[in-house]
Amino acid sequence: MAETMSAHPKFAVVGHPNKGKSSIVAALAMDDSVQISDTPGTTTKQRSFPLRVDGKTLYELYDTPGFQRARRVLAWLEKHEVSADKKHEVVRAFINEHREDERFNDEVQLLEPIINGAGIIYIVDGSKPYGKEYEAEMEVLRWTGQPSMALINHIDESDYSQEWKRALEQYFKMVRTFNPMQAGLTQHMGILESMAQLKEEWVAPVKASMRLFEQYHEQMMDKSASLLARLVYESTSLVEKLHFTTEDASDEEKEKVENNYKNRLRKLELDTQNKVEHIWNHDHLEVEVKDLTFEGMDLFSEETASVFGLTRKELIITGATSGAVTGAGIDLLFAGHTLLLGGVIGGVAGGVGAYFGFNELSEVKVLGQTLGKRYLQIGPMENRNFPYILLGRALYYAQKVSKRSHAKRGEMELEMDSTFKALWLDDEVRKTLEGYHKKFRSGKEVTSEVLKEYEIVLKGVLEKLAKA
Amino acid sequence: MNLKSYLNLYELLENDSTAREENRAFGLSHILLKNKPIEQLLVWGNDHIATLQKPTLGDRFTSYLYGVSLVLVFVAFVVGLFSGVALLSYSGHEPVNVVYFMAMVVFFPLLTMTLTLISMFRTNTVQSVLVHVSPAFWMEKIMAFLPNKLQNDIKTLKINPLLANWVVIKRSQVIAWFFSLGLLLALLAMVVTKDIAFAWSTTLDITPEAFHGFLNTVALPWRDFLPSAVPSVELIQNSQYFRLGDKLSEEMIANASKLGEWWKFLAMATLFYALLLRFLMYVLSLIGLKSAVKKSLLSLNGAAKLLREMNEPIISTHALGKEEVFVPSESDYGQIVSQLDASYDVVQGWAISKEQLVVISDSKAVIAPKFFEVGGANSFEEDHEVISKSKGEVLFFVKGWEPPTMDFVDYLHELCLKADKVVLVPVGTAENHYSIKSSAVDVWDRKLSQINEVKVWLKR
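Rules and cut-offs
- Residues numbered from 1 in each chain as written.
- Chains lettered and ligands numbered in written order.
- Predicted model: local features only at pLDDT ≥ 70, side-chain atom pairs only at ≥ 80, totals over all residues.
- Helix = DSSP H or I, 4+ residues; strand = E, 2+ residues; numbered from the N terminus.
- Buried ≥ 20, exposed ≤ 12 C-beta atoms within 10 Å, placed from the backbone.
- Contact = placed C-beta atoms within 7 Å.
- Nonpolar A, V, L, I, M, F, W, Y, C, P; charged D, E, K, R; others polar.
- Pairing = 2+ DSSP bridges.
- Axes fitted to C-alpha atoms, helices over the stretch in contact; angles between N-to-C directions.
- pLDDT = per-residue confidence, 0-100.
- Domains from an automatic or database assignment.
- Core = buried A, V, L, I, M, F, W, Y, C linked by C-beta atoms within 7 Å.
- Parallel < 35°, antiparallel > 145°, perpendicular 65-115°, else oblique.
- Left-handed = near helix turned anticlockwise from the far one by under 90°.
- Expected span 1.5 Å × (residues − 1).
- Arc of directions from axis to C-beta.

Draft legend 1. Examining the overall build of chain A more closely. Scanning chain A from terminus to terminus reveals 17 helices and nine strands. Within chain A, buried positions represent 42% of all 468 residues. Contacts in chain A between residues far apart in sequence, at least 24 positions, make up 74% of those at least 6 positions apart.

Draft legend 2. Just the overall build of chain B, in detail. A tally of regular secondary structure across chain B gives 19 helices and nine strands. Per-residue burial over chain B gives 36% buried out of 460 residues.

Draft legend 3. Seen up close, the interface of chain A and chain B. Facing 45 residues of chain A, the contacting portion of chain B comprises 39 residues. If you list the elements that add at least two residues to the side of chain A that touches chain B, you get strand 2 (47-53), helix 2 (70-78) and helix 8 (200-237) of chain A. With seven residues, strand 2 of chain A is the single largest residue contributor to the side of chain A that touches chain B. Looking at the side of chain A that touches chain B residue by residue, the classes come out as 15 nonpolar, 15 polar and 15 charged. Bridge analysis of strand 2 of chain A against strand 3 (residues 315-316) of chain B gives two bridges, and the strand direction is antiparallel. Directly across from A:Val53, in strand 3 of chain B, lies its bridge partner B:Ile315.

Draft legend 4. Spotlight on the sheet that holds strand 4 (residues 119-125) of chain A. Pairing is mixed across the open sheet formed by seven strands, whose spatial order is 6(A)-5(A)-4(A)-1(A)-3(A)-2(A)-3(B). Pairing within the sheet leaves two strands with one partner each, and these edge strands are strand 6 (174-177) of chain A together with strand 3 of chain B. Of the pairings in the sheet, the one linking strand 1 (residues 10-15) of chain A to strand 4 of chain A comprises five bridges and is parallel in character. Looking at the pairing, A:Val14 lines up with A:Tyr122 of strand 4 of chain A. Strands strand 1, strand 2, strand 3 (56-63), strand 4 and strand 5 (148-153) of chain A of the sheet are contacted by helix 1 (residues 21-29) of chain A, whose axis makes an angle of about 160 degrees with strand 3 of chain A.

Draft legend 5. Here's a closer look at the confidence of the model for chain A. Residues and elements named next belong to chain A. Chain-level pLDDT for chain A is 82 on average; 84% of the residues reach the 70-or-more range. The low-confidence segment residues 287-293, where pLDDT is below 50, has six contacts with residues more than four positions distant or belonging to other chains. Confidence over residues 323-358 falls short of pLDDT 50; this stretch has 45 contacts with residues more than four positions distant or in other chains.

Draft legend 6. Structural detail: the sheet that holds strand 7 (residues 393-399) of chain B. Residues and elements named next belong to chain B. The six strands are arranged 4-9-8-7-5-6 in an open sheet whose pairing can be described as parallel. Taken across any chain shown, the strands that pair with only one partner, and hence form the sheet edges, are strand 4 (336-337) and strand 6 (370-374). Contacting strand 5 (346-350), strand 6, strand 7, strand 8 (421-427) and strand 9 (456-459), helix 18 (residues 406-418) crosses the sheet at an angle of about 150 degrees to strand 8.

Draft legend 7. Main features of the domain arrangement of chain A. All names here are of chain A. Domain annotation of chain A identifies domain 1 (2-198) and domain 2 (216-467). Facing the 14 residues of domain 1 at the interface are eleven residues of domain 2. When residues in the side of domain 1 that touches domain 2 are grouped by element, the largest group, three residues, is from helix 1. The residue inventory of the side of domain 1 that touches domain 2, partitioned by class, reads eight nonpolar, four polar and two charged.

Draft legend 8. Molecular detail of the environment of B:Phe108. The topology assignment puts B:Phe108 in helix 5 (residues 98-121). When the 17 C-beta atoms within 10 Å are taken as the criterion, B:Phe108 is described as partly exposed.

Draft legend 9. Inspection of the nonpolar core at higher detail. Grouped together as the largest cluster of nonpolar side chains are 60 residues, with contacts concentrated most on A:Ala12, A:Val13 and A:Tyr122. If we skip the residues at most four places from it in the chain, A:Ala12 touches A:Tyr62, A:Thr64, A:Leu110, A:Pro113, A:Ile114, A:Ala118, A:Ile120 and A:Ile121. Listed in part, the 46 residues of the second largest apolar core include B:Met104, B:Phe178, B:Met268 and B:Leu275.

Draft legend 10. Seen up close, the confidence of the model for chain B. Across chain B, the average pLDDT comes to 85, with 87% of residues at or above 70. Predicted complex, confidence summary: ipTM 0.77, pTM 0.75.

Draft legend 11. Inspection of the pairing of strand 1 of chain A at higher detail. All names here are of chain A. Taken across its six residues, strand 1 has six buried, putting it largely inside the fold. Neither face of strand 1 is left uncovered, since the one carrying Lys 10, Ala 12 and Val 14 and the one carrying Phe 11, Val 13 and Gly 15 both have all their residues buried. Here strand 1 pairs with strand 3 via four bridges, running parallel. Bridge pairing in strand 3 places Lys 10 opposite Glu 60.

Draft legend 12. How the structure looks around the packing of helix 16 (residues 427-441) of chain A against helix 17 (residues 448-467) of chain A. Residue and element names in this part refer to chain A. The N-to-C vectors of helix 16 and helix 17 enclose an angle of 150 degrees; their axes lie 11 Å apart at closest approach. Here helix 17 runs roughly antiparallel to helix 16, going by the angle between their axes. Where helix 16 crosses over helix 17, the handedness of that crossing is left-handed. On helix 17, the residues touching Val 429, Thr 432, Leu 433, Tyr 436 and Lys 439 of helix 16 are Val 450, Tyr 454, Val 457 and Val 461. Residue classes in the contact of helix 16 with helix 17 are distributed as seven nonpolar, one polar and one charged.

Draft legend 13. Inspection of helix 16 of chain A at higher detail. Residue and element names in this part refer to chain A. The end-to-end C-alpha separation of helix 16 is 20 Å, in line with the 21 Å expected for 15 residues at 1.5 Å each. Looking at helix 16, one finds that the buried residues are Leu 433, Glu 434, Tyr 436, His 437, Phe 440 and Arg 441. Of the residues flanking the end of helix 16, it is Gly 443, one or two places downstream, whose phi is positive at about 80 degrees.

Draft legend 14. Broad picture of helix 17 of chain A. All names here are of chain A. Taking 1.5 Å of rise per residue, 20 residues should cover 28 Å, and helix 17 covers 28 Å from first to last C-alpha, within 8% of that figure. Among the residues of helix 17, Leu 451, Tyr 454, Glu 455, Leu 458, Val 461 and Leu 462 are the ones counted as buried. Around the axis of helix 17, the buried residues are gathered within 125 degrees of arc, so they sit on the same side. Among the exposed residues of helix 17, those oriented more than 90 degrees off its buried face are Glu 449, Ile 456 and Lys 467.

Shown next, in the form of C-alpha cells:
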C-alpha cells in the first residue's frame, strides 16, 4: 500500500458539509488562516497541514471537502461484490475512475488521502440530532478499511451527543468529544493521544508530536515573556527630546514633546501586541479588531490605570517597601548602628515618592542650556504606576491571544475588569517587579542578565494566567 | 575575540536580514557549539562578515581608536620624558631630591593602579568616576574633532558600558606605561649626559636608618639579585639634605661621587613599579576586556533572538499551499413564499420520516394526501418511485440545520422534471417546534440561487 511510502502518520478530517471540519483542523494545526464559513462547500480541495520540526514531518493532517454524493458513491461500491480484504481496492478504483468527474470532486478529494494511508477523523455536530443520511458516508469510510475515530463537535448549545455516540460506536473504533472553539493545550493533547491509539505504528510518532507541541507551547511562552519584558524596559527607559531655538520653550512645544512621548509609548505597545499575535499564530486577527483594541481604554486614561494599575495604597506600600530595602542596606552597612533608622527613613521617602508619582508620567525638562543646543526632554518614565499599567495590559492581551482558539473568527472579545489584576499581581510578585522597574526607571544600562531574570518572572506570571 | 569581533557582530545584527530557517540551519550544522552561545555568535559573525560593506564598522572604529591611542601614547611619552628631565635637572643651588622622582615612579603608579583595580570591579557602572578620570576616557572627546562622517559613525554606535569601561582601562594602562617609559629614558639620559647629585629631603622627622628601612622594603623585588641597586645606610646618611644649615657644603661635597649611586635604585624602581607592574595591569585589563567582550556579545541587540533561532527547532503546523476556496454569490433567491397554502398534492421530507412529516405538516396547518420520505437511507430506486408519484405542487420539508448536499440537488432536479412547483421548507428540530434560525435558511437561499431551478420556491 501507499501507506508504506511515507513513514509519518496521516489523518484526514472528514464528514458532512458544515460540521466544523475546518474549525477542528484550524484548532489542531494552530492555523488561523483556514477558511471557516457557514456556507457549505467552502472547502473544495484537500489541504495538508503537516506538523514539521526543522523540515521533518511528524504527522500530517488533511482538511477535506464534505461528502456531497455519499449515497451514489456507496451505490457504486456496493455494485462490486468483494471480500472485506479487497474493499479498499474498490474505493481506490472508484477514485481512479472518477478523478476527472466533476460530480465526485469532493468525494475524490476526501477519499484520496485515506486510501493513501491516512487515518480517519470523522466529524459530526453533536448539537444537532443524528440522521440516517449520515449512514451512507460512514459506510463509505468503512469500505476504506482505515483506522478511524469520530469527533463530536458542538457547534450550538443543544446536546444530542448520546444518540450520536450510539450510532458512531457502530462504525468507529473511538468516539471523542472536542470543541475546537474552547480547546486548550490539554484538550489538544487529549485528541492527539486518541489519534495515536488508532494504529500501533503511530503511537511513537504521535507521542513525539505531543512532546513537540508542548515544547512549541513553551517556546511561545518564552517568546511572549521576552517581548513583554522588552516592552516594559523600553517603555520605562524611553526618552523623547525636542530641540528649540527660542529663548524659552513654549507650552505648545512642551505639549508636543509630551504627545510625541506618549505616541511612542502607544506604538511600542501596539507593536508588541502584533508580535504577540504572530508568536501565537494569530496573524489573521482582523485589522479593525486591532483598532478596537482597548478602545476607550487608552494607555494613559484613568480607566486603564484603575483597571490595570496599582491602587494608591498598593503604590505607597510598594514605594515604601523598595525604599525600606535601600534603607535597610544602609543599616546593614553600618552594622545596625543607625538604630534601624535607615529602614524607616527609606520607607517614608519611598512611600512619599510613590504617592506623588501617581499621576504624572515624567517631568518635561529643559536641557542643554550651557552647550547652546537647548532641548526639551521627557523620560525615562518617573511614574511608578506606569510599568504595572503597561504590563497589566500586555499580560491581559497576551493571555487573551494565547487562549484564543485558532478556529475562532471575527472580533476578539476584550472585557476588562479589575479582577484580572488579582489573577496575577500578588504582594510577592509586586515586590519582585518593583526591583526591576526601579532599575529600568534609573535610565542606566540594564544588562541582558537582568532582563533575562525579569523575563523569567513574567513567564511565571504568564503560566499562572494560562492555568487561570 | 576582541573589540573588532564585537563591533562586527554589532553591525551584522543591526543589519540582519537572515531568515529564521537559515539561522536554524546554521545551528544544526554547528551542533557541537549548541551550548556555547558566545562561540555560536562569533562563528556566525565570521560566516556572515562578507555581507558587510568594507571597511566594516569594526575596522573603522578600531582604526580611529588606534589612531587616537597612538597620539595619546606619543603625548604621554613626551610628557613622561620632559617630566623626567624636569625632575632630574640640577638647579645649581640644590641637589636633585629623589623623593620627587620616587613619587612619580613608585607612589603615583601604585595609587593609579589601586584606583584601576577598584574600577575593574566597578566596570558595570555606566557613570564610573574612576574610569572618567582616566586620560583614555577623553579619547572620545578628541574624536569630536574628527571629520563629520567619522563622528557620525561613533555617535550612532552604542557600545555596552561594561565593554566601554574596559576599553578605557586597557588604553589607560598603555598610556601610563609609555609615560613611565619616558621617565625611565629621561633618567637614563640624564645619568649618562649629566653629573647629578641626588639627595633626599623631607620635613618629617625621619632618620637615615628609618629611611633606609623604607627603601629596603621598596627594593624588595630586586634587592637579592641586584644589591647595588639598593641605597646603603651610608649613602642615605651622606645624601640627606637640609635647606637650612651648612651640612651640604661639608659631607655632601666630600661624598659627591657617591651621590650618583642613587640612579640604579631609581631606575629599578621605575622598571619594577612603573613599567613591570603596569604591564601586569595591562595583562589584567586584556583579560578583563576579553571577558567583557564575551559578556557584551550576549547583550547585543538581536543576539538573544539569533541564538534562539539557531537553537530552537522550527516547529510549523500551518498548511503549505494557499487555500482554494469557493466563494458563493451573495445574491438573494428571487422565488420566496412567505405563507404556505392550506394543502399540497404531495408532502416530501429529505431524510425525514413519514411520521415526522405528518406531525410537521400538522404544525404548519398543511394537509396533503401523500407523504414520502426521500434521501437519507433510501435507495435511488425508492427515490425514483417517489418522484414518479409526485405531480402538481410538492411541499418539500428539509432539515434546516443540514446544509444542502449535491445528493439533494440531484434529487431536486429530477423532482422538478415531474412536479409543477416545489416549495422548499427548511424546518428546525422537534425540540424547537420546527422553527429554524434565519441564518440557516440563508444557507438554503444561497444554494438555491446557485442552482437556479425555476420551479423551486423557498419558504422564509
